[in-house]
Amino acid sequence: PEEHRADEDGATAWLRSYLSEVNSSALDYELAIGGEGDMHLLSRLYSKLKVHTLFLPATQKEHLQDLSKLRFEELTEEFKEEIEVLKAHILSTLEARQFEGKAMRGPTLERALRFITQALQRGMFHEMPSLWATWTAQVAEMSLQDAETWFASLLTHVDHNDDPVPLATFNRDVENARERSVQFYRELLRDFDINADIRALRDRMANHFQLKMTLYHERVQRWVGELVVRSKDAVARHLNHIELPVDPNTIRADGENITKFKIKAFSDQLLVFAQRGAAVSLGKAAQMPAFSLDPVSQLTTDLRSIMGSRELENEREIAQFFKAAVAAADEAVEGEVKLNMNKLMGRTRMKELQSIVAGKCWQAFDEKLAKHKWMMFLVNYKTHKALVQTETYDSRMARFGQANEQKLSTHFRTAMDRCSASYRARKSNLAMPASETDLEAEHRQLATTVRDMLDEQAGNNGDLKDTDAYRGAVMSLNSVLEEGLLHVRQKNIELWKVHSDEATRCALRANEAVMRQCGLLCFFNKVPQVHKSTSKKHLIQCFPRSGAGARMSPTMQMQVFENWYNKDLAHDASTVWNNFYIGSVLLGFCVLMLCMGGRLCSSQSQPPPQYGGFQGGKGQGYGVGNRTGGPWNGSWPWWDS
C-alpha cells in the first residue's frame, strides 16, 4: 500500500497493520481484562517478526493457477533467487529455546525428562545407614572409580590417527567405551546388593568426554583449515596454468566452474564428516566444533578472492595490449602528419588526408589486437578506441588543420600583397584619357591578369580554391580592383576635363554673361537646380568648339560636367544655395505676415461679444475698447482703446 512504501521495512509494517485490523476484537478483549493489549497473536508466539515479499513464481496464467504442476526449475529466476536468500536468512537467524544457557536439543530434552521421571520415582525418603551400607558404599565408590579409570583408558584409543575420525565414528567409539565402562561397573557390583549409580558414572565419564571432545574439536578445526588450504592451492594452480591474456568471460567461467566444483566437494566432504551417526544413550553426543566463520563460506570467499586476483592480472595484461595498440595508432597518425606537415592543403585534400590517416590509425590499432580477436568485443575496445579518437586522431588532426590554416593565410596574404603591388604598377601605365569603353576593357584585362596571378598560388589544379584563405584573398583582391577601377575612372575624367579646358572656359564665360543680365526675378543665381541645368547646357554647347570635347561620348561629357561643376563651380554653386536659403526665408516671412494680417482683419470684422449678468446704465455695453460706468463687483480690468 501507498502508506507503507516509504517505510524502511514496508512489508512487515503492512502485515502488522493488517493483523491489527483482523484481531481488533481480540485486542479489545485483552484491554478489557487488564492485559497489555498486544498488537496481534503472532507477536506472542515469536519474539521477532519480519516479512519479505517474493517475486512472481511464474509469469503465465495457467501456471499461476496451480503452481503444484510446476517443477522448481520452471519457476522464475527471481523467485528462486529470493527463495534461496530467504532460506539462508531463516537458517542463519533461527534459534532454539535456551535451556541451562544453551540451545535445547533432543538429548537435552531427553535428559531433562529422565531427570524429572527418576526424581518422582525415587521420592525424598532415605533409609538409616548401617555398617553394611557403609561398606557397600565404599565398594560402590571404588567400583565407580575403577569404571571411570577404565573409561579414560578406552578414550585414549579413540581418534588417535593423524586425521580426525568422522563425527559418527567418534560418537560410536565413545558410546562403545561408555557401554564397556558401564558393563564393567555392573560386573563389579554384581555380587553386592548395591544399586549401580549409573548417573554418577555418567557424570564422571562426561568430564573425561568433555576433555576428549575439546581435543577433538581442535583437531577437526585444524583439519578443516588444511582442507581449505588444499582447495585454495588446487584452484590457484589451475588458474595459474591459464596463459594470460585470455577472454575475461572464459577465465571467469573456468574459474567459476572449478570454484563450484571445489566448494561442492568440500561441502560434501564436510557434510559426510559432520554426520552424527546413531543416537547415544549413555552421555552426550559429540558435535562439530563452532567455527568463527562457516568453513564453506570461508572457502567460497577465499576462492572468489583468488579468482578475482587472477582476473585482475588478466585485466592488466589486456590493458598492456590496449596500451600498445594506442601507442601504435598514435605513431601511425604522427607519421602521416609529419609527411604532410610542409604541404598546403585545401578542404578536399584535407578530407582525403583525414580519411587516409583514420584508416592507417585504426589499422595500426587493430593489428596490435589481431592476435587476440576476442579483445575487439570487449568494453575496453570501445573505450580505448574512443580515447584514440579523441586524444590522438581528433587532437592531432585539429592541430594539423590549424597549422594548415595559418600557413594558408600567410601564403595567400603574401600572394595578395604581390598581386596588389603588380596591379598598382600596371594600372599607372593605362593610356588616359580614353573612352570609357576602352578604359573598361583595358582595366578588365588587367584585372584578369592579376586574378590569374592569384590563382597560380592556389595550386596546379586549384586544390586551394576551396579554402577560406583563398576566398578571403579573392575578396580582398576584388576590393582592391574595384577601388582601382573607381580611381582610374576618376582620373580619366580629370584628364578629359583638363583636355577640355577650352570648353569649360567657354561655359564659364556664358555663365558670367547670364549672371550680368540676371535681375531680381532671375532664378539663375537664386535656384540651385536652375543654376546647374543652365551651366550644363552651356558646357554641352561649348564641347563641340574644343577638339577633345568633340571626341567624348555623351556619358563622358556628363561625367566631365559633374566633375567641373562640383569642383570649379563649387564657389558659385555655394553662393546660389546661400541666395536660395535667404530668399526662402524672406518669402516665408512675407507669407507669414500676409497670413497674420488676413487673420487680424477677419477678427476685427466680427461684432464684440455680449456678456450678461451685470447691471449697468442705458446704452452701456461691455467690450474691448470701452470702459463701463456701471457697477462691477468682479476682478476683470478694462482699458480704453
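Here, the structure is the one placed above.
Here we summarise the structure given alongside this text. (Residues numbered from 1 in each chain as written. Predicted model: local features only at pLDDT ≥ 70, side-chain atom pairs only at ≥ 80, totals over all residues. Heavy atoms only, no water.)

Topic: the side chain of Arg 310
Inclusion rule: Helical segments are the DSSP runs of H or I of at least four residues, strand segments are the runs of E of at least two, and each set is numbered from the N terminus. Only protein chains enter the accessibility calculation, which uses a 1.4 Å probe; a residue whose area is less than 20% of its type maximum is buried, one above 50% is exposed, and one in between is partly exposed. We define a polar contact as two N or O atoms separated by no more than 3.5 Å, with the added condition that, inside protein, one atom must be a possible hydrogen donor and the other a possible acceptor, whereas residues neighbouring each other in sequence contribute only through side-chain atom pairs. A contact between two residues is defined here by any heavy atoms of the two lying within 4.5 Å.
Summarising the element assignment, Arg 310 is placed in helix α11 (residues 295–339). Using a relative accessible area of 12% as the deciding quantity, one classes Arg 310 as buried. Of the polar contacts made by the side chain of Arg 310, one reaches the backbone oxygen of Ile 242; its length is 2.9 Å. For Arg 310, the residues in contact, after removing those within four places along its chain, are Leu 239, Asn 240, Ile 242, Leu 244 and Ile 251.

Quick notes on the state of the cysteines
Note on terminology: disulfide describes a covalent bond linking the sulfur atoms of two cysteines. What counts, and what does not: Only a pair of cysteine sulfur atoms within 2.5 Å qualifies as a disulfide here.
As enumerated under the stated definition, the model contains two disulfides in all. Linked covalently through their sulfurs, Cys 518 and Cys 522 form a disulfide whose S-S length is 2.1 Å. Since a negative S-S torsion denotes a left-handed disulfide, the Cys 518-Cys 522 link at about -115° is left-handed. Among the residues examined, Cys 518 registers a relative accessible area of 15% and is labelled buried. For the protein chain, numbering the cysteines in disulfides from first to last along the sequence yields the connectivity 1-4, 2-3.

A short note on the packing of α11 against helix α12 (residues 347–369)
Inclusion rule: Inter-axis angles, ranging from 0 to 180 degrees, are taken between N-to-C directions of lines fitted to C-alpha atoms, where helices are fitted over the stretch in contact. Each angle is binned into one of four classes, with values under 35 degrees roughly parallel, values over 145 roughly antiparallel, values of 65 to 115 roughly perpendicular, and all other values oblique. Crossings are classed by handedness, with left-handed meaning an anticlockwise turn of the near helix from the far one by less than a right angle and right-handed meaning a clockwise turn. When residues are grouped by polarity, Ala, Val, Leu, Ile, Met, Phe, Trp, Tyr, Cys and Pro land in nonpolar, Asp, Glu, Lys and Arg in charged, and all others, Gly among them, in polar.
Here α11 crosses α12 at 155°, and the two axes come no closer than 8 Å. Looking at the two axes, α11 sits roughly antiparallel to α12. Remark: the crossing between α11 and α12 carries right-handed chirality. Residues Phe 321, Phe 322, Ala 324, Ala 325, Val 326, Ala 328, Ala 329, Ala 332, Val 333 and Glu 336 of α11 form the contact with α12, whose participating residues are Ile 356, Val 357, Lys 360, Cys 361, Ala 364, Phe 365, Lys 368 and Leu 369. Within the contact of α11 with α12, the residues separate by chemical class into 15 nonpolar, no polar and three charged.

Some points on α12
Selection criterion: An expected span of 1.5 Å times one less than the residue number is assigned to each helix.
The end-to-end C-alpha separation of α12 is 33 Å, in line with the 33 Å expected for 23 residues at 1.5 Å each. At its buried positions, α12 is contacted by α11 and α13 (379–427).

Looking at the environment of His 531
With respect to the secondary-structure elements, His 531 resides in helix α17 (residues 528–542). Spatially, the C-alpha atom of His 531 lies 9.7 Å from that of Trp 577, the residues being 46 residues apart in sequence. Once residues within four sequence positions are removed from consideration, His 531 is found in contact with Phe 524, Tyr 565, Asp 572, Ala 573 and Val 576. Only 3.0 Å separates the side chain of His 531 from the side chain of Tyr 565, close enough to count as a polar contact.

Comments concerning a nonpolar patch on the surface
The following threshold applies: Think of a patch as exposed residues, more than 30% relative accessible area, with no salt bridge, where like charges cluster within 9 Å and nonpolar side chains (Val, Leu, Ile, Met, Phe, Trp, Tyr) cluster within 5 Å. Computed with a 1.4 Å probe, the accessible areas rest on the Shrake-Rupley method; for each residue, only the protein chains presented here act as cover. Salt bridge criterion: a side-chain nitrogen from Lys or Arg within 4 Å of a carboxyl oxygen from Asp or Glu.
A cluster of nonpolar residues, Phe 55, Leu 56, Leu 64 and Leu 67, forms a patch on the protein surface that exposes about 340 Å² of accessible area. Looking at the secondary structure, you find Leu 64 in helix α4 (residues 61–65).

So, the packing of aromatic side chains
Selection rule: Side-chain rings of Phe, Tyr and Trp (the six-membered ring for Trp) are treated as a pair once their centres are within 6.5 Å; stacked means planes under 30 degrees apart, edge-to-face means over 60, and tilted covers the remaining angles.
Taken as a whole and assessed by the stated rule, the structure comprises twelve aromatic pairs. With centroids separated by 6.3 Å and ring planes inclined at 35°, the aromatic side chains of Phe 170 and Phe 209 adopt a geometry described as tilted. Placement of Phe 170 in helix α8 (residues 167–188) and of Phe 209 in helix α9 (residues 198–240) is noted, with a sequence separation of 39 residues between them. Accessibility assignment for this pair places Phe 170 and Phe 209 in one class, buried. Ring geometry for Trp 362 and Phe 365: centres 6.1 Å apart, planes at 90°, overall edge-to-face. One end of the pair, Trp 362, and the other, Phe 365, are both in helix α12, three residues apart, so they sit about a helical turn from each other. Each of the two residues, Trp 362 as well as Phe 365, counts as buried. Three or more aromatic residues link up through ring pairs in this structure, and these residues are Phe 170, Phe 209 and Tyr 216.

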